[in-house]
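Chain and residue survey
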Protein chains: 4
Amino acid sequence: MMKKVLDKGYVRLVDTMGSDLSVVNSARVSFNKATESLRDEDKKLIKYLAKNDHTSPFRHATMQFEIYAPLMVARQWWKYIIGSSHQDPFTAWNESSRRYVTEAIEFYIPEENAWRSKPENMKQGSGDNLGIEIGKEATKKLLCQIEAGMKNYDWAIENGIATEQARLFIPSAYGLMVRWYWTTSLQGVAHFLNQRTDDHAQFEIRAYAEAVKSFAIDKFPIAIEALLI
Amino acid sequence: MMKKVLDKGYVRLVDTMGSDLSVVNSARVSFNKATESLRDEDKKLIKYLAKNDHTSPFRHATMQFEIYAPLMVARQWWKYIIGSSHQDPFTAWNESSRRYVTEAIEFYIPEENAWRSKPENMKQGSGDNLGIEIGKEATKKLLCQIEAGMKNYDWAIENGIATEQARLFIPSAYGLMVRWYWTTSLQGVAHFLNQRTDDHAQFEIRAYAEAVKSFAIDKFPIAIEALLI
Amino acid sequence: MMKKVLDKGYVRLVDTMGSDLSVVNSARVSFNKATESLRDEDKKLIKYLAKNDHTSPFRHATMQFEIYAPLMVARQWWKYIIGSSHQDPFTAWNESSRRYVTEAIEFYIPEENAWRSKPENMKQGSGDNLGIEIGKEATKKLLCQIEAGMKNYDWAIENGIATEQARLFIPSAYGLMVRWYWTTSLQGVAHFLNQRTDDHAQFEIRAYAEAVKSFAIDKFPIAIEALLI
Amino acid sequence: MMKKVLDKGYVRLVDTMGSDLSVVNSARVSFNKATESLRDEDKKLIKYLAKNDHTSPFRHATMQFEIYAPLMVARQWWKYIIGSSHQDPFTAWNESSRRYVTEAIEFYIPEENAWRSKPENMKQGSGDNLGIEIGKEATKKLLCQIEAGMKNYDWAIENGIATEQARLFIPSAYGLMVRWYWTTSLQGVAHFLNQRTDDHAQFEIRAYAEAVKSFAIDKFPIAIEALLI
């Protein structure tokens, strides 16, 4: 199952473990009774656990994704993992490397009508979309810059410069598409969603978060609803 | 699937995510090719990764267990998790509590021929089994002590002492059976096995480790073989 | 610096790193200015960070404790670490082991006026103190049980039973005093305090939490005030 | 204390907690004796712990750094933290963000004699330095590319494009200088050094690792010597 995101990216659900019941059964270990189908009292328990911040049972269900996204999105995703306040260590991450040539270099190029203005009264984030005039020029300039930079990059490779150092010529590295596997618990997914579907999150990572969210709701409808703020 | 351990305990495999292929595919994210069945070159890759300590791909497969074991085993298990040198944070743990009365109190009672001697020349561990004479007396003394202590415990509960404090009367708390859910990655499983199937580990936890090991080999034969020292 | 807790326990502050300023300076890395004394705007920043759950800067200051406490307190402390919802992985823990004989065996013995009743309308916790009549009998019974059990334990050791197995005879293992080093971040300390100074926490661990709290307030007055709920 | 690295970067030691003795005392908690100066037997204990992979005592000493480095170095540093086999969760990381304008944009520019060739027979890494002819041209091309790209970036900002999106015009983002605070345990430092002072590590991150190493040796001479492979 794959959902397309932005112009060239995607989120693919690779695997999952458990269901809403995994939360219930791990929470009820104290009571030595495992449930096999989700009753009303189980749904209430899930809501109670989430509301009262007893979220350890949500670490007994896991999800695995393959993601293809611009580097700037990958960086924000990572920051949530190692910099977040609730730091969920239950995370595995394996990413392609640009230290060696592996696959075609691709860039995220915002479309002409997708360039956003600076927000008013805020240090970060975006305001409304800019007009098509600016947008046309911005997309064109970016394409030109990438074309010119990639000529330098190709020149560097042809002249024997090591790939790991030739990277300095990659002309729009924040837009460079990278690919990684991410495995985390349901709590990790929910925490990511609470941060990255927020209005303050950058548009591009929100687009990825929405894809993750729809997979999560599909597999763990009660638990995700309970965990999302 | 459940395996009985010691006189009253067990390990139950609750769930798993992935297979040997999960290791291969997360490691090969750099190369953008997912494999669907395990070829010889995939087996070689798994061995190479394990041998060279590139073990992050082994965190993309997970296992979940329910365990019923004496408290002294639970404590050693935990120490591996928070005290170990390779500290795998990819772990969820939910355990029953003795702060409230939940289920019958049970104790681990070594059989008459299962009492072990002090090791020679070592600070910890066990030597050979002791003779049946000592063993008979030891088992009998333990049963008597438990009977007498449980009378005190029952007296305390009947006289209104809070359960959380009445616990002080539990007469062989190191042998008290506790139950928990444990979810971890394949790397976490392997690390636990490398520590706890070792000769230096206490007999009781080795018995649990062997049960975990047989489940792990069954589900991830190539990866576990590669990770075990 | 050491604070006595319960009848035989203590919390000792071994070491710390940083001050309230560490929080400010790590949060302001974006702005490339380190402050050397705490101004009003710095105090405001600390409150803002805590209130908005931007708590990663609170992981750049650390505290180290040596603790001597009953096993039941050690277990609750651990559960906060591996089972808590905010799971702070920034924790090191080294504890003495009862697999080998190291130091005198000591037990926590509640005083005659310190036995508590079951709470009404709650599954766990304690109600008011019980009368001195029950208390006298409870303390006496516990002392007797310990004396009888320790005779069995000594018999086991004298007859060559391995220490790791002889532990089963320890007569009040939940009250057995254990000792450990705990190193964690300021965020870890605050999270522990928010859980363990709460009314729902068991009296015994609250006593330890109060000792930890007074050390924390002494060293990081602004940050701890901001983090405590 | 600050050490300059590459053309514009540095590593600054902000703070530390503990000494070689912290390792000894946390390991000896079992024996209830704290040492106040480092004796020969303490040095032996440190070596023994490191050699036998009993490294949890090394998590009771901490170091804090401020680092200013090219983005490609920051990315490799992060990968060690979340992707490494020994994953040390004892890490706090706070980094400046390019989502808002904070300080001058600076780039790492290799000097004319610092461009390296592709390695023979290896997928990644670098071989010998290339001749000065190629180097002169590479440095010049990079400077030109940066100048042209920064014109686009400035145009984007002037025309009201949001900073978070204008980043796409940053012309050599892998070389963009970023700044962060890193707090970790002694074990975390040693693990980073073992990976990043290795011949297979990229030259640029090795330069940072050497700076970290000299600070670590200065503060924890015995422990670091024991931990480095």
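Looking at an unreviewed UniProt entry, one finds chain A named FAD-dependent thymidylate synthase and attributed to Fusibacter ferrireducens.

Our focus in this paragraph is the overall build of chain A. For chain A, the count of helices and strands is eight helices and five strands. For chain A, the N- to C-terminal ordering of α and β elements is β-β-α-α-β-α-β-α-α-β-α-α-α. The principal-axis extents of the C-alpha atoms in chain A amount to approximately 65 × 45 × 30 Å. Residue burial in chain A is summarised as follows: out of 229 residues, 62% are buried. Nonlocal contacts in chain A, meaning residues at least 24 apart in sequence, comprise 71% of its contacts between residues at least 6 apart. Split by element, the accessible area of chain A, about 8800 Å² in all, is 48% carbon and sulfur.

This next bit is on helix H2 (residues 40-51) of chain A. All names here are of chain A. With twelve residues, H2 should cover 16 Å at 1.5 Å per step; its first-to-last C-alpha distance of 17 Å lies within 8% of that length. Turning to H2, the residues buried within the fold contact helix H1 (20-27) and helix H8 (221-227). After H2 finishes, the residue Asp-53 shows a positive phi value of roughly 65 degrees.

Residues and elements named next belong to chain A. Considered domain by domain, chain A is made up of domain 1 (2-100 + 176-227) and domain 2 (109-174). Of note, the centres of domain 1 and domain 2, computed from C-alpha atoms alone, are 30 Å apart. Contacts between the two partners involve 14 residues from domain 1 and, on the opposite side, ten residues from domain 2. Approximately 1100 Å² of surface area, both sides summed, lies buried where domain 1 meets domain 2, with 49% of it carried by carbon and sulfur atoms. The interface formed by domain 1 and domain 2 contains one salt bridge. Across the pair Glu-204 and Arg-116 runs a salt bridge, and its minimum N-O distance is 3.1 Å.

According to the stated counting rule, one finds 36 salt bridges over all chains in the structure shown. Its salt-bridge partner being Arg39(B), residue Glu41(B) comes within 3.8 Å of it at the nearest N-O pair. On the accessibility criterion, Glu41(B) (46% relative accessible area) is partly exposed. For Arg39(B), a relative accessible area of 34% puts it in the partly exposed group. Among the salt bridges present, the one from Arg39(C) reaches Asp42(C), with a minimum N-O distance of 3.0 Å. Overlapping salt bridges, with partners in common, bring together Arg28(A), Arg39(A), Glu41(A) and Asp42(A) in one network.

Per the counting criterion, the structure on display carries 38 aromatic pairs over all chains. Centroid distance Phe65(B) to Phe215(B): 6.4 Å. Interplanar angle 40 degrees. Geometry classified as tilted. Of the two residues, Phe65(B) sits in strand E3 (residues 62-70) while Phe215(B) sits in helix H7 (residues 203-219), which places them 150 residues apart along the sequence. Plain terms: the ring middles of Trp77(B) and Trp182(B) are 5.4 Å apart, the flat faces sit at 80 degrees to each other, and that makes the pair edge-to-face. Of the two residues, Trp77(B) sits in helix H3 (residues 71-83) while Trp182(B) sits in strand E5 (residues 177-185), which places them 105 residues apart along the sequence. Ring-pair connections join several aromatic residues into one group, and the members of that group are Phe65(A), Trp77(A), Trp180(A), Trp182(A), Phe192(A), Tyr208(A) and Phe215(A). Across the ring face of Trp78(D), the terminal group of Arg75(A) is positioned such that the distance to the ring centre comes to 5.4 Å. Across the ring face of Tyr68(A), the terminal group of Arg179(A) is positioned such that the distance to the ring centre comes to 4.2 Å.

Another aspect to go through is the environment of Ala148(A). Along the chain, Ala148(A) falls in helix H4 (residues 132-158). When the C-alpha positions of Ala148(A) and Leu168(A) are compared, they lie 14 Å apart, and in sequence the two are 20 residues distant.

Bringing the pairing of strand E3 (residues 62-70) of chain D into the picture now. Residue and element names in this part refer to chain D. In terms of residue burial, E3 counts as a mostly covered element, since nine of its nine residues are buried. With seven bridges connecting them, strand E2 (residues 9-17) and E3 associate as antiparallel partners. By the bridge assignment for E3, Thr-16 is matched with Met-63. Looking at chain direction, E3 and strand E5 (residues 177-185) are connected through nine bridges and run antiparallel. In the strand pairing of E5, Gln-64 is matched with Thr-183.

The next thing to look at is the pairing of E2(D). All names here are of chain D. For strand E1 (residues 2-5) and E2, the ladder comprises four bridges, and the chain directions are antiparallel. Residue pairing in the sheet places Val-5 in a bridge with Gly-9 of E2. Here E1 folds back onto E2 in antiparallel fashion, the turn holding three residues, of which Leu-6 has a positive phi close to 55 degrees.

Residue and element names in this part refer to chain B. H7 packs onto helix H6 (residues 186-196) with a crossing angle of 140 degrees between their chain directions and a minimal axis gap of 9 Å. Between H6 and H7, the angle is such that the two are oblique. Taken as a pair, H6 and H7 cross one another with a handedness that is left-handed. Each of Val-189, Phe-192, Leu-193 and Arg-196 in H6 lies in contact with H7, whose residues at this interface are Ile-205, Arg-206, Ala-209, Val-212, Lys-213 and Ala-216. Residue classes in the contact of H6 with H7 are distributed as seven nonpolar, no polar and three charged.

What counts, and where the lines are drawn
- Residues numbered from 1 in each chain as written.
- Chains lettered and ligands numbered in written order.
- Predicted model: local features only at pLDDT ≥ 70, side-chain atom pairs only at ≥ 80, totals over all residues.
- Heavy atoms only, no water.
- Helix = DSSP H or I, 4+ residues; strand = E, 2+ residues; numbered from the N terminus.
- Buried < 20%, exposed > 50% of the residue type's maximum accessible area, 1.4 Å probe, protein only.
- Contact = heavy atoms within 4.5 Å.
- Areas by Shrake-Rupley, 256 points an atom, 1.4 Å probe, with all protein chains shown as cover.
- Expected span 1.5 Å × (residues − 1).
- Domains from an automatic or database assignment.
- Buried area = accessible area lost by both parts, 1.4 Å probe.
- Salt bridge = Lys/Arg side-chain N within 4 Å of Asp/Glu carboxyl O.
- Phe/Tyr/Trp six-rings, centres within 6.5 Å; stacked < 30°, edge-to-face > 60°.
- Lys NZ or Arg CZ within 6 Å of the ring centre and 35° of its normal.
- Pairing = 2+ DSSP bridges.
- Axes fitted to C-alpha atoms, helices over the stretch in contact; angles between N-to-C directions.
- Parallel < 35°, antiparallel > 145°, perpendicular 65-115°, else oblique.
- Left-handed = near helix turned anticlockwise from the far one by under 90°.
- Nonpolar A, V, L, I, M, F, W, Y, C, P; charged D, E, K, R; others polar.

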